[in-house]
Amino acid sequence: MKRKTFINVCFLIAILGFAAYLDSPYSFLNKDYAYTADQPVMAQPVDVEVSEDIPVLEEKLEKREKVDGYILETYEEYEVYKDKDGNVVKSEPTGKTDTLKYWDYTDKKDNKKTR
């Protein structure tokens, strides 16, 4: 029994070793691919100008109200166009709204004080 287990473990190690060799850069399968560069790679910063044609999406708070101990906040998404200096050129609503609902814990504190 021990001999059979030993043979199985050796076979498994041999298969894993062969798979690792095939995946390495020294394998005959990967001999045509270059894994190292002959010349060092240097990254140079590039100046990118902000385009007025591409909008930035921003959400703005439209309304905030209390309902049954909860606070409901409604946000609307806007396409904001900016110039090179970062000044807002125009702002257009997209029509998409999000609602955030959370418990108003200040009401609960006020109720405890009055009891």
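Residues numbered from 1 in each chain as written. Predicted model: local features only at pLDDT ≥ 70, side-chain atom pairs only at ≥ 80, totals over all residues. Heavy atoms only, no water.

**Student:** Help me understand a nonpolar patch on the surface in this model?
**Tutor:** A cluster of nonpolar side chains, Phe18, Tyr21, Tyr26, Phe28 and Leu29, forms an exposed patch at the surface whose accessible area comes to about 620 Å². Take Tyr21: it is sitting in helix α1 (residues 2-23). Residue class for Tyr21 comes out partly exposed when judged on its relative accessible area of 35%. (Patch = residues over 30% accessible without salt bridge, like charges linked within 9 Å, V, L, I, M, F, W, Y side chains within 5 Å. Areas by Shrake-Rupley, 256 points an atom, 1.4 Å probe, with all protein chains shown as cover. Salt bridge = Lys/Arg side-chain N within 4 Å of Asp/Glu carboxyl O. Helix = DSSP H or I, 4+ residues; strand = E, 2+ residues; numbered from the N terminus. Buried < 20%, exposed > 50% of the residue type's maximum accessible area, 1.4 Å probe, protein only.)

**Student:** Can you walk me through the pattern of salt bridges in this structure?
**Tutor:** Side-chain pairing between opposite charges can occur once the charged atoms of the two side chains come close. A complete count under the given rule lists four salt bridges for this structure. A salt bridge links Lys82 to Glu58, with the shortest nitrogen-to-oxygen separation between them at 3.8 Å. With a gap of 24 residues between them, Lys82 in strand β2 (residues 70-82) and Glu58 in strand β1 (residues 56-67) connect regions that are remote in the sequence.

**Student:** Can you help me understand unusual backbone geometry in this one?
**Tutor:** Residues apart from glycine generally show negative phi values, whereas peptide bonds are mostly found in trans. Here the phi dihedral of Asp68 falls at roughly 50°; this positive angle occurs in a residue that is not glycine. For Asp68, the position within the fold is in the loop between β1 and β2. Judged by relative accessible area, which is 70%, Asp68 ranks as exposed.

**Student:** I keep staring at the packing of aromatic side chains and nothing clicks. Help me out?
**Tutor:** Any aromatic ring pair is given by two values, namely how distant the centres are and how the planes are angled relative to each other. Counting across every chain of the model gives two aromatic pairs. When the centroid spacing of 6.5 Å and the interplanar angle of 35° are considered together, the rings of Phe18 and Tyr21 count as tilted. Taken together, the positions of Phe18 and Tyr21, both in helix α1 and three residues apart, correspond to about one turn of that helix. Ring centres of Tyr70 and Trp103 lie 5.0 Å apart, and the angle between their planes is 80°; this geometry places the pair in the edge-to-face category. Pair noted here: Tyr70 is in strand β2 and Trp103 is in strand β3 (residues 88-103), with a separation of 33 residues, a long-range link. Judged by relative accessible area, which is 31%, Tyr70 ranks as partly exposed. (Phe/Tyr/Trp six-rings, centres within 6.5 Å; stacked < 30°, edge-to-face > 60°.)

**Student:** Just to check I follow, could you spell out the side chain of Glu73 for this structure?
**Tutor:** For Glu73, the location among the structural elements is in strand β2. Within the structure, Glu73 has its side chain in polar contact with the side chain of Tyr75 (distance 2.7 Å). Sequence-distant contacts of Glu73, defined by excluding residues within four places in its chain, comprise Leu61, Lys63, Arg64, Asp98, Thr99, Leu100 and Tyr102. (Polar contact = N/O pair within 3.5 Å; in protein donor to acceptor, adjacent residues only side chain to side chain. Contact = heavy atoms within 4.5 Å.)

**Student:** Please clarify how the environment of Glu62 should be interpreted in this entry.
**Tutor:** Along the chain, Glu62 turns up in strand β1. For the pair formed by Glu62 and Thr99, sequence separation is 37 residues and the distance between their alpha carbons is 10.0 Å. The contacts of Glu62, once residues within four sequence positions are left out, are Thr74, Tyr75, Glu76 and Tyr78. Among the polar contacts listed, one links the side chain of Glu62 to the side chain of Tyr78, at a separation of 3.1 Å.

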